[in-house]
Structures are given as C-alpha cells and as structure tokens.
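An overview of the molecular structure
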Amino acid sequence: MKTGIKAICRITATLVTAGSVMTAGALVAPAAQAAPAAAPKVPSIVAKGGFLMDSASGRTYFSKAGDTRLSTGSTTKIMTAQVVLATKGLNLDTKVTIQKAYSDYIVRKGASSARLIVGDKVSVRTLLYGLMLPSGCDAAYALADKFGSGSTRDARVKSFIGKMNTTAKNLGMKNTRFDSFDGISNGSNYSTPRDLAKLATAALKNGSFRAIVKTKSTSQRTTTKNGGYRTMQWTNTNKLLGSYNGAIGVKTGSGQQAKYCLVFAATRGKRTVVGAVLASTNEANRTADAKKIMDYGFKR
C-alpha cells in the first residue's frame, strides 16, 4: 500500500512539473498566453504631404510624400523666428520702430497682419508673438529689417533671407529654399514635410520659442510714438492648442499655392513628436490630419 501511495505522489509531481494540475481525476491545462497587440493602422490623410518624427531619436513614424517639395505658406515664419532667436547677444527687450513700409506691404499683398501701428516702438519679444500667433507678416517684415545687414531696407531683407537659407542648410534641410521672410513666395519658396519637422525640432530647443508657440492668446504692450502705451491682443491660429492632449505648438500656414499647412508638436509623458502636413484642403482637414498622425505616432 505504501509503495502505491509513493507511486501516485511521483505521478502527481511529474504532472505539476509539466505545468498541469490533477484535480478530482481531471487534468487542467495552464492558462494560454495573451496574443500580442495588433500594430496600429497607418492613417490616411487628406494633405498632399505629411510627416511625423520622434524629436529625441529622429525616428520616423509617418511619411506621405515626406520629401516632396511643396509651398509652405506661413510655416516659413518658424525659420524667421529661428534666425532671430539664434542671433548672438540677442536682447528680446530691444525696441523696433514700426515703419509705414511694413503696413504698406500688408495692404499691397493682402497679407495676414498683427495690426502693428506705424510709429509704435515694439520689443523683439512682442514682435515674435505677433509673428507666431496671428501670423503677422508686418511683424515678419519688421524682424527681417531689424536683423538683416545692409544700408537699405531691401539689402537688409535680402541679407535676412540669406540667413534663413544658411540656417536651413546647416540643419540638413536638403529640399528647402526660402525667397521671403513670411512665406508669401516670390516664385521659389518651398520645403518638405520632413524638412519642416526638422526645423520645428531645432526651434523647440529654444525656451523663448517654446513659450511663444504654446500660447493660445496674449496681451502685449507697445509704446506709442507719443510715449504712451498700447495693448495688442492676439490669438493663436493653431487650433490644436487646447483641443489635442499634449499639444505644444507650432505654426499654421495657408495660401493660394500652399493650400492649408500645419507644423505641429505634442508631448505625452517623456515623448515628444513633431510633424507637418502640407497642402491640405481646408483648416479643419489640416487639423484632423495632424491629430491622426500624432495619434498614430503615440501608439508606435
């Protein structure tokens, strides 16, 4: 009898070791392992071109015509800000006097405006808010005139655009060329979704740039030509702010040739993704395209 009991114990031990349990004469199999999660579906976007990357590693998450040259519209102004903020010895409190040439330019081009007033003295910091939130081409002109080199306004503007192209080259933007300070093209102002994502990634390393582009609305004070003060109210054209979890900027763009463009970034946890969509069909679709791409990236 004892010999029989020992034999049963040995059999039971063998079954347990194999990962099964004998209960009331029945063999119970171990729980099956869960199947790996399915890979997220690559999104379909309306925009002609789109791109998304990880800002830290540079890993590409999404690309649709990512290296196709397209018109950039006012997303060009990211480079305008980048050149200004990279200026050695920059003092953001330096005042710039608004010239009639800037307002005349807005009227002549039918361009987006920060509604700057001729004769007002406006700090560089305030001009950057006017550049990036309401997409003021008058602010872009003022910055190009201030930070270019030369004895005439035309020479200074030409010099500033040269700095934009030099910066693009240094950032490895191989398919980019700027011929204006604001994206109103003179015939050859173009970039690609990948290049604009590279630009935004570099620009976001600057604390002042990050603070500006994540701002939904702002009140900025300027000094009038009579020594008084004026308050400017600006709202960001980037609808992702406040509507997409983790959105931190960056810049909208539009135009007859550019259609609807958006360079964007968002942070969740320790991850930041940066991307661009170019030549979407309307404002709602460019925002929806950006959200689709970022949702996809955060699942990767």
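Look up: the structure comes first, before these words.
Values in this document were obtained by computation on a predicted structure and should not be read as measured data.

This next bit is on the overall build of the protein chain. In terms of regular secondary structure, the protein chain is built from nine helices and 13 strands. Residues counted as buried form 47% of the 300 residues belonging to the protein chain. Within the protein chain, residue pairs in contact and separated by at least 24 positions form 61% of the contacts whose partners lie at least 6 positions apart. With the model as given, the accessible surface of the protein chain reaches about 14,800 Å², and the carbon-plus-sulfur share is 52%.

With that settled, the discussion passes to the packing of helix α3 (residues 100–109) against helix α5 (residues 137–147). For the pair α3 and α5, the least separation of the axes is 9 Å and the interaxial angle reads 140°. What the angle tells us is that α3 and α5 run oblique. Handedness of the crossing formed by α3 with α5: right-handed. Residues Ala101, Tyr102, Tyr105 and Ile106 of α3 form the contact with α5, whose participating residues are Cys137, Asp138, Tyr141, Ala142 and Asp145.

In this section: helix α4 (residues 124–132). The buried count for α4 comes to eight of nine residues, which makes it a mostly enclosed element. Every buried residue belonging to α4 is among Val124, Thr126, Leu127, Leu128, Tyr129, Gly130, Leu131 and Met132, and all of these are buried.

We now examine the nonpolar core. Core analysis: the biggest nonpolar cluster contains 61 residues, and Leu127, Leu128, Met132, Phe209 and Val250 have the highest contact counts within it. Residue contributions to this core peak at eight residues, all from α5. If we ignore the near neighbours within four places in the chain, the residues touching Met132 are Lys77, Ile78, Ala81, Phe209, Ile212, Val213, Asn236, Val250 and Lys251. Counting residues in hydrophobic clusters, the runner-up holds 19 residues, among them Leu52, Leu241, Ala247 and Val277.

The rules behind these values
- Residues numbered from 1 in each chain as written.
- Predicted model: local features only at pLDDT ≥ 70, side-chain atom pairs only at ≥ 80, totals over all residues.
- Heavy atoms only, no water.
- Helix = DSSP H or I, 4+ residues; strand = E, 2+ residues; numbered from the N terminus.
- Buried < 20%, exposed > 50% of the residue type's maximum accessible area, 1.4 Å probe, protein only.
- Contact = heavy atoms within 4.5 Å.
- Areas by Shrake-Rupley, 256 points an atom, 1.4 Å probe, with all protein chains shown as cover.
- Axes fitted to C-alpha atoms, helices over the stretch in contact; angles between N-to-C directions.
- Parallel < 35°, antiparallel > 145°, perpendicular 65-115°, else oblique.
- Left-handed = near helix turned anticlockwise from the far one by under 90°.
- Core = buried A, V, L, I, M, F, W, Y, C linked by side-chain atoms within 4.5 Å.

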